[in-house]
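One letter stands for each residue in the lines below.
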Amino acid sequence: MEMQYTVKYRAVHTCKTIVNEAYLQHIILPENNATQELISEIYTVPESCSLQKSINGFGFNSVKLHCKAPFKTIVFEAVFALKKIHEGVQKKESLINTSYQDLNSLEFRTDFETWLTPTDHTSLPEGCFSLFKILETASILEYCLALNSMISAYITLKSDMNPMPSKLGNVLSDAAGNARDLSHVLIAVARQNKLPARFVSGYLYENLKEQSGSQLHAWVEIYCPNSGWLGIDPSYNCLANQYYIKIAHGRDYTDCAPVKSIFYASGKHEVNCIVTVASQQ
Amino acid sequence: MESTSLKHLFSSYERNEKLFDEIFDKDNNVKQVYQKIFELYSGQSIDDFINLNNKSKSSFFNQGITFQVYNDDAKGHEKIFPFDLFPRIIDADEWKTIEQGVLQRSKALNRFIWDLYHNKHIIKAGIVPLELISSSSNYLRQMVNLDPPGGIYNHISGTDLIKHSDGKYYVLEDNIRSPSGVSYVIGNRNALKRALFGVFNHYQIHSVSNYAENLLEILESVKPKGVDVPNCVIMTPGVYNSAYYEHAYLAKTIGIELVEGRDLVVENDFVYMKTITGLERVDVIYRRIDDVFLDPLVFREDSALGVPGLFAAYKKGNVTLVNAPGTGVADDKAIYTFMPEIIKFYLGETPILNNVHTYHCSKPDDLKYVIENIQNLVIKPVDEAGGYGISIGNKLTKAEIEAVKKVVLEQPRKYIAQPIMSLSVHATYIDENKSFEQRHVDLRTFALLGNNKEFVLKGGLTRVALKKGNLIVNSSQGGGSKDTWVLKK
């Protein structure tokens, strides 16, 4: 099944004092991959800013604004049209036969070192290392689904988006977190159990009657030997499907944060992002 | 010639028989390469020498050869680099071994870094442990599968050598992030020529002034694709950096611009320098700032030293960074242990220079040995430079030993330990005592790697631990330096 989406992204950058120069990097462009194809992109930027397309540290597309005239508020808008192809779950059946032996091989651990090494945001607190140990009687797919269900059931999803990710210890003790936090927990546990895992930033079509706008979504990709990367969302306890539009991935949120800003000014800076995703099936 | 028969400057020179003396042999005779200069210096009275010494100090002051030392209050203090008028002399055969050895290490390290950011064959072969790389803060995942222009990562290497009591050279460490000190090599030569020009008439020695032109050739050899005549610059963190003098000196002698991050701007993934006539494209940046400060959009967001967008320009192949980001993974002192295997694996050769036996505190057996034998070992943090964080076991009090044990046990991966090596000693003029005395020395060499080009500076920075018995020679720890003469065949 093919879906067509229109994604509208709006970011309002506000600074309490006048800013003379700023660089605003947005990682918001849907990637082209086997399941999605970007059709068009339109940007609206203030005249005082130049817009440049570039890449982030991991090679994903970024949109950079270089603001050279004094300002206090900058509004940046982007509209993307894209096609999404429904992959189907049948393909994932190959995961059932996956062997756990591959995960222990030096070659595998070396090839996937980037996605197996804990980061500051994906390190389990002491005492949690045995959290949800892998059971080799189940397939990797079954394990991933069970782990996803466990995190989804244990941690209540919050909609607030703090500028910086919460500490995993706090997320686990509060049993609450946003999509980014849940993804970090899933990544941490997967890596602890030798499964390569990466943080995905993207858009989610929520099929709401009234599109009031939301924020960017986050989920996880786990690598299953012989099959590939499996998109999995602990926020909604499901596999990533045709409603998930991927932008970029990284070791954790900081590698693919939607906005990174460099302000040549003093004073506090805030950014508010609103995303709407509409579909034409 | 016996030292006891000499008067004046060497009259109070005391030889410690256990130490390898660069000037005197076991029988107390002056070695052949030093005989002429020894004779010349011995003919000086103390007053004459004090005058010459003051002349050399003012030469350094006039050249502006200073460096910053950071204390606990994080404030930099500017100091003149102490210089000793008695040069170290290395004969042609001895130098040949050193030169071949450091070049061998540089080439092997370059192949090693390439492998770490590509197929990781050496890890899969079980030679270097995966955990050593994955736990290194200098391993940049952003560099994975990136091909640096010319295939070079460690364009500039500084290898620290010592001569042990057995008379053999050992490598203490390979510095391949931003090795500094080459300007002092050239400054030392200039100062010695100004003070004692006559002594040069008695020796045929290699020049060190050709470093700048070779560095420029190396920088130009790794220009980005499609660039005809590259525009090269040196990027400095600024005047408060400990090596600012060197950054300014190199830019001046090479004849290229010295820039700070704020002088550069990235437009459409190309790097430009702001000039009074507009933007000017930059193709090769010899950067003297750490990886994490290069680009606030990719690494540390609070970096005011870097350039937003610089890494994207690098990743797209539009600019070359020298040395390449992520090179520090091989600069890790824990990697040093594997150098003999690294050389064999990539070059199929036997290491020319010796390694010092090293204990990894991350290995349980090594850690146990280190904790039980701290008094006989030198404990070093794996990721520090400038002699900071080093503990020499036999100089520690009981309380200090306990404190070192505690920090090592808290973060074993962060420390290595080595036997206390007996650095060779060299006659060094000591101001306070107005005489020459034995002081420990090491040698930093400088090797350059480019695209089909390589160069080793025929000379080096001989660093001197000015405090009696001290083994730490770093300038930041109160060390001085000597001119280093490499004799022509």
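Please read all numbers here as calculations on a predicted model, not as lab measurements. (Residues numbered from 1 in each chain as written. Chains lettered and ligands numbered in written order. Predicted model: local features only at pLDDT ≥ 70, side-chain atom pairs only at ≥ 80, totals over all residues. Heavy atoms only, no water.)

Peer 1: For this particular structure, what's the right way to read the overall build of chain A?
Peer 2: Of the regular secondary structure elements, chain A holds six helices and 15 strands. Its C-alpha atoms give chain A a radius of gyration of 19 Å, within 12% of the compact-globule value 19 Å for 281 residues. Each principal axis of the C-alpha distribution contributes one length, and for chain A these read about 60 × 45 × 40 Å. With 281 residues in all, chain A has 52% of them scored as buried. Expressed as a percentage of contacts within chain A between residues at least 6 apart in sequence, the contacts between residues at least 24 apart total 74%. In the form shown here, chain A has an accessible surface area of approximately 12,600 Å², with 50% of it arising from carbon and sulfur atoms. Across chain A, 24 positive and 27 negative side-chain charges occur, with their mean positions spaced 5 Å apart. (Helix = DSSP H or I, 4+ residues; strand = E, 2+ residues; numbered from the N terminus. Rg over C-alpha atoms; globule rule 2.2 N^0.38 Å. Buried < 20%, exposed > 50% of the residue type's maximum accessible area, 1.4 Å probe, protein only. Contact = heavy atoms within 4.5 Å. Areas by Shrake-Rupley, 256 points an atom, 1.4 Å probe, with all protein chains shown as cover. Lys, Arg positive; Asp, Glu negative; His and termini not counted. Charge placed at Lys NZ, Arg CZ, Asp CG, Glu CD.)

Peer 1: Would you mind going over the overall build of chain B with me for this structure?
Peer 2: Secondary structure summary: chain B contains 13 helices and 22 strands in total. The C-alpha radius of gyration computed for chain B amounts to 23 Å, which stays within 12% of the reference 23 Å derived for 489 residues, consistent with globular compactness. Seen along its three principal axes, the alpha-carbon backbone of chain B occupies a region of about 70 × 60 × 45 Å. At a minimum sequence separation of 6, the contacts of chain B that also span at least 24 residues come to 70%. Taken as a whole, chain B presents about 19,800 Å² of accessible surface, with 49% of it coming from carbon and sulfur. In chain B, 57 side chains carry a positive charge and 60 a negative one; their mean positions are 2 Å apart.

Peer 1: Looking at this structure, I do not really get the confidence of the model for chain B. What am I missing?
Peer 2: Regions with low pLDDT carry predicted coordinates that are not meant to be interpreted in detail. Residues with a pLDDT of 70 or more make up 95% of chain B, whose mean pLDDT is 90. pLDDT under 50 marks residues 1–7 of chain B. Its contacts with residues more than four places away, or in other chains, come to 14 contacts. (pLDDT = per-residue confidence, 0-100.)

Peer 1: Mind showing me how you'd approach the nonpolar core here?
Peer 2: It is characteristic of soluble globular proteins that their nonpolar side chains tend to be buried jointly. One finds Tyr41(B), Phe86(B), Tyr211(B) and Phe436(B) to be the most contacted residues of the largest nonpolar core, which totals 89 residues. Excluding residues within four positions of it along the chain, Phe436(B) makes contact with Leu9(B), Phe10(B), Ser12(B), Tyr13(B), Tyr41(B), Phe49(B), Asp84(B), Phe86(B), Ala427(B), Thr428(B) and Tyr429(B). Ranked by size, the runner-up nonpolar core spans 77 residues in total, among them Leu65(A), Ala179(A), Leu182(A) and Cys256(A). (Core = buried A, V, L, I, M, F, W, Y, C linked by side-chain atoms within 4.5 Å.)

Peer 1: Any chance you could explain the interface of chain B and chain A here in plain terms?
Peer 2: Accessible area lost on assembly of the parts is the figure often given for the size of an interface. Opposite the 26 residues of chain B that make contact, chain A presents 27 residues. In total, about 2,300 Å² of surface goes out of reach between chain B and chain A, with carbon and sulfur atoms giving 56% of it. Together, Lys124(B), Arg141(B) and Leu297(B) form the three largest contributors to the area buried by chain B at its contact with chain A, with a combined 29%. Counting the contacts that link chain B with chain A gives four salt bridges. Across the pair Lys68(A) and Glu267(B) runs a salt bridge whose closest N-O atoms are separated by 3.5 Å. Linking chain B with chain A are nine residue pairs in polar contact (both at pLDDT 80 or more). Those elements that provide at least two residues to the side of chain B that touches chain A are helix 4 (121–124), helix 5 (130–134), strand 8 (264–267) and helix 9 (310–315) of chain B. Classifying every residue of the side of chain B that touches chain A gives 12 nonpolar, five polar and nine charged. (Buried area = accessible area lost by both parts, 1.4 Å probe. Salt bridge = Lys/Arg side-chain N within 4 Å of Asp/Glu carboxyl O. Polar contact = N/O pair within 3.5 Å; in protein donor to acceptor, adjacent residues only side chain to side chain. Nonpolar A, V, L, I, M, F, W, Y, C, P; charged D, E, K, R; others polar.)

Peer 1: What is the right way to look at the sheet that holds strand 16 (residues 391–392) of chain B in this model?
Peer 2: Residues and elements named next belong to chain B. Across the sheet, which stays open at both edges, the four strands sit in the order 14-17-15-16 with antiparallel pairing between neighbours. Either end of the sheet is taken by a strand with one partner, and the two such strands are strand 14 (359–360) and strand 16. Sheet topology note: the strand 15 (residues 377–381)/strand 17 (residues 415–419) ladder contains five bridges and is antiparallel. Residue Leu377 lies in a different strand from strand 17, and its bridge partner there is Pro419. (Pairing = 2+ DSSP bridges.)

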